[in-house]
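If you want the building blocks of each chain, they are given just below.
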Amino acid sequence: MEKFDLIILGGGPAGYLAAERAAQADMNVILFEKRAIGGVCLNEGCIPSKALLNSAKIYEYAAHGEKYGVTATGVAINHKAVITRKNKIVKQLVSGIGMTMKKLKVTIVDKPAVITGKSADCITVVSDGIEYKTSKLLIATGSVPIMPPIPGLSEGLKNGFILTNREILDLDVLPESLVIIGGGVIGLEMASYFNSAGVKVTIIEMLNKIAGPTDAEISDILQKNLKKNGVDFKLSCKVTSIGKDSVTYEENGASSSLQTSKVLISIGRKPFTENIGLESIGVYTERGAIVTDDNMRTNVTGVYAAGDVNGKSMLAHTAYRESEVSVNHMLGKRDIMRYNAVPSVIYTNPEVACIGETEESAKEKGLNFKAVTVSMRMSGRYMAEVEGGNGIAKLIVDEKYKRLIGVHLIGSYASEIIYGAAIMLETEMRIDDIKEVIFPHPTVSEVIREALFEI
Ligand SMILES: Cc1cc2nc3c(=O)[nH]c(=O)nc-3n(C[C@H](O)[C@H](O)[C@H](O)COP(=O)(O)OP(=O)(O)OC[C@H]3O[C@@H](n4cnc5c(N)ncnc54)[C@H](O)[C@@H]3O)c2cc1C
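Since this is a predicted model, take the numbers as computed values, not measurements. Sequence positions are assigned chain by chain, starting from 1 and proceeding in written order. pLDDT decides what is reported in this predicted model: residues at 70 or higher carry local features, side-chain atom pairs at 80 or more are listed and counted, and totals for whole chains, interfaces and linings draw on all residues regardless. Values reported for side chains reflect all heavy atoms of the structure, with hydrogen atoms and water molecules removed beforehand.

A. Expanded view of the sheet that holds strand S11 (residues 232–234). Strand pairing is assigned whenever DSSP detects at least two bridges linking the two strands. Helix numbers and strand numbers start at the N terminus; a helix is a DSSP run of H or I with at least 4 residues, a strand a run of E with at least 2. Across the sheet, which stays open at both edges, the 5 strands sit in the order S8-S15-S9-S10-S11 with parallel pairing between neighbours. Each of the sheet's edge strands pairs with one partner strand only, and the pair in question is strand S8 (162–163) and S11. Judged from the 3 bridges that link them, strand S10 (residues 200–204) and S11 form a sheet pairing that is parallel. By the bridge assignment for S11, Thr-202 is matched with Asp-232. Contacts from helix H7 (residues 185–196) reach strand S9 (177–181), S10, S11 and strand S15 (262–265), with the element oriented near 165° to S10. Working rule for contacts: check all heavy atoms of both residues, and any pair within 4.5 Å makes them a contact. The axes are straight lines fitted to the C-alpha atoms, using for helices just the contacting stretch, and the angles between their N-to-C directions are given from 0 to 180°.

What follows is the structure, given as structure tokens:
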């Protein structure tokens, strides 16, 4: 039986980046992945959805090019070709990770593994009947979609009427209509693509707003844009059952039904902690998520948990950073995980990108703050490139310390601009210091600088 310096359960962003960083530091690493290296992010999440959304963006430009003096005829989305291209990108990225692992001499086992016990200096994991020992274990088993107890859900999942993110990103024939249960990030991104592809899309959301904790002013503008493009919204509506070809929901106590060709269930995700042997070594969980400290340590010595499995911020970039913090701690390097400056993006058309406090969360916490909103139309680049756009930049500023505590953007390039705001928040830059930074002109990012002068 071989003993490793580090065993990793799960080969998603948290698992494979931890393997890479640990192997670079000469640790002898073995990684178990039961499905596909790259995890949800590469195979059925971040990357595939962005490939689809980029095709939608190209289609929208081509189909509505007359606004920019460009006309094209016969513009259409060839969904099959979109999926083929998506599969090619996923394959290339997954094989790239495989090559990195090989180069770094990380052992990959493409089977599930279960934790079975521990002694004073050793944790044991079993996969396919073989025992593996290690002094350090990283649990990076990710998350799975939440399945609410709605009558008809399990039958629909079995017969293919209801889809999760996994199946919808592999559909090779477009449905005529699609009901999306859940108006969070995944539901909105899928609505944006399928609506552009000509599918009749309806989002049913239990809350009175879309996009979960996103600043309300931003989510309102996003909803208006999607609605203008053809997406229907049923807010404050609760799905009560799913039939053979319909979804029944309740609105203000009254029941209604919608006929549909397919249903996407996207009401959120939960950490995957079942049947991986946590109880064999006594790892604490809270509401299904592994409890970690700011070094990503669990309560068990030598055992760490990074990524969606700890439920703190279920995003790939958080998973990456948490995996680095875990490995650094294993190596005795000082490093701490902070969650105050984690950007989040919705890659719809238009894009949304946010970081830090929203106006609502700042109010709820009783912070002494000021909110400033400016139109993206202040940017010459935005005016030149987005005909009739209604994007905004909203800044939340701490009144006492005069520093940024939140930035919220809706409009083009938002996803690429937000990292600048992440630096400002992470390094606690004061407003006067940011004002001295030279932003390139003409760029949409200049709206952040403009907004600072409105404070
Ligand atoms: C449709 C969709 C779009 C998304 N888009 C974005 C986005 O644009 N940006 C973003 O930041 N995030 C996005 N996310 C979230 C992102 O995918 C996750 O935050 C990220 O994948 C988490 O990484 P992870 O390594 O923790 O877990 P995962 O990626 O879930 O990987 C965990 C891996 O562990 C494996 N595993 C589980 N148990 C075992 C076991 N016992 N033995 C061996 N292997 C095991 C699983 O098979 C899986 O491959 C999206 C998610 C979805 C569903």
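B. Quick look at the environment of Met-206. Along the chain, Met-206 turns up in the loop between S10 and helix H8 (216–228). Along the backbone, Met-206 and Ile-267 are 61 residues apart, and their C-alpha atoms lie at a distance of 9.4 Å. With sequence-adjacent residues up to four places away left out, Met-206 is seen in contact with Ser-236, Cys-237 and Lys-238.

C. Representation of the packing of aromatic side chains in the model. Note on aromatic contacts: the rings of Phe and Tyr and the six-membered ring of Trp form a pair at centre separations within 6.5 Å, being stacked when their planes are under 30 degrees apart, edge-to-face when over 60 apart, and tilted otherwise. Applying the stated criterion across every chain, the model contains 5 aromatic pairs. A centroid spacing of 6.1 Å and a plane angle of 70° characterise the contact between Tyr-16 and Tyr-320, whose relative ring orientation is edge-to-face. With Tyr-16 in helix H1 (residues 13–24) and Tyr-320 in helix H10 (residues 316–330), this pair connects stretches of sequence that are 304 residues apart. Under the scheme applied here, a residue whose accessible area is under 20% of the maximum for its type counts as buried, over 50% as exposed, and between as partly exposed, the area being computed with a 1.4 Å probe on protein chains only. Residue Tyr-16 is classed as buried on the basis of its relative accessible area of 7%. Looking at Tyr-320, the relative accessible area reads 27%, which means it is partly exposed. With 5.0 Å between their ring centres and 80° between their planes, Tyr-193 and Phe-194 make a pair best called edge-to-face.

D. Broad picture of the side chain of Glu-446. Assignment of secondary structure puts Glu-446 in helix H15 (residues 446–452). One buried charged side chain, Glu-446, makes no salt bridge at all; its nearest oppositely charged neighbour is Arg-449, positioned 7.2 Å away. His is not counted, nor are the chain ends, whereas Lys and Arg count as positive and Asp and Glu as negative. Salt bridge, as used here, is a side-chain nitrogen of Lys or Arg placed within 4 Å of a carboxyl oxygen of Asp or Glu.

E. Local environment of the site of the ligand. Surveying the vicinity of the ligand reveals 38 residues, the closest of which are Glu-33, Lys-50, Ala-113, Asp-308 and Ala-316. A 3.5 Å cut-off defines polar contacts: any pair of N or O atoms within that distance qualifies, except that in protein one atom must be a possible hydrogen donor and the other a possible acceptor, and neighbouring residues in sequence count only when both atoms are side-chain atoms. Within the contact set of the ligand, a nitrogen atom lies 2.9 Å away from a backbone nitrogen or oxygen of Ala-113. Computed with the Shrake-Rupley method and a 1.4 Å probe, the accessible areas treat only the protein chains shown as cover for residues. In isolation the ligand exposes 990 Å². Once the protein is present, 94% of that is buried. For the shell around the ligand, the secondary structure elements donating two or more residues are H1, helix H2 (39–44), helix H3 (46–63) and H10. Counting residues per element, the shell around the ligand draws most heavily on H2, at 4 residues. A per-class count over the shell around the ligand returns 18 nonpolar, 12 polar and 8 charged. Note on terminology: near, applied to a residue and a molecule or strand, indicates that one of the residue's heavy atoms is within 4 Å of it. Each residue is assigned to one class: nonpolar for Ala, Val, Leu, Ile, Met, Phe, Trp, Tyr, Cys and Pro, charged for Asp, Glu, Lys and Arg, and polar for all the others, Gly among them.

F. Expanded view of the pattern of salt bridges. Across all of its chains, the model carries 21 salt bridges by this definition. In this structure, Asp-128 engages Lys-111 in a salt bridge whose closest nitrogen and oxygen atoms are separated by 3.7 Å. Of this pair, Asp-128 sits in the loop between strand S5 (123–127) and strand S6 (130–139) while Lys-111 sits in the loop between strand S3 (107–109) and strand S4 (114–118), placing them 17 residues apart in sequence. One connected set of salt bridges, linked through shared partners, spans Glu-20, Arg-21, Arg-321, Glu-324 and Asp-335.

G. Main features of the sheet that holds strand S24 (residues 403–410). The 5 strands are arranged S20-S21-S24-S23-S22 in an open sheet whose pairing can be described as antiparallel. The sheet is open, and its two edges are formed by strand S20 (344–346) and strand S22 (369–375), each paired on a single side. Averaged over all pairs of adjacent strands, the angle between strand axes in this sheet comes to 15°, irrespective of strand direction. Pairing of S20 with strand S21 (residues 352–356), which is carried by 3 bridges, proceeds in the antiparallel orientation. Its bridge partner being in S21, Ser-344 is matched across the sheet by Cys-354. Docked against the sheet, H8 engages S20, S21, S22, strand S23 (392–398) and S24, running at close to 10° with respect to S24.

H. Local environment of the side chain of Glu-351. Mapped onto the elements of the fold, Glu-351 is located in the loop between S20 and S21. In terms of polar contacts, Glu-351 uses its side chain to reach the side chain of Ser-415, at 2.8 Å. Discounting residues that sit within four places of it in the chain, Glu-351 has contacts with Lys-57, Ile-346, Leu-409, Ile-410, Gly-411, Tyr-413, Ala-414 and Ser-415.

I. Layout of H3. A helix is expected to span 1.5 Å multiplied by its residue count minus one. With 18 residues, H3 should reach 26 Å at 1.5 Å per residue; the first-to-last C-alpha distance of 26 Å fits that figure. Inspection of H3 places Pro-48, Ser-49, Ala-51, Leu-52, Leu-53, Ser-55, Ala-56 and Glu-60 among the buried residues, and these make up the whole buried set. Here the buried face of H3 lies against H2, helix H4 (79–103) and H7.

J. Spatial organisation of the pairing of strand S12 (residues 237–242). Relative to strand S13 (residues 246–251), S12 is paired through 5 bridges, and the arrangement is antiparallel. In the sheet register, Ile-242 faces S13, and the bridge partner there is Val-247. The hairpin turn running from S12 into S13, its antiparallel successor, is 3 residues long.

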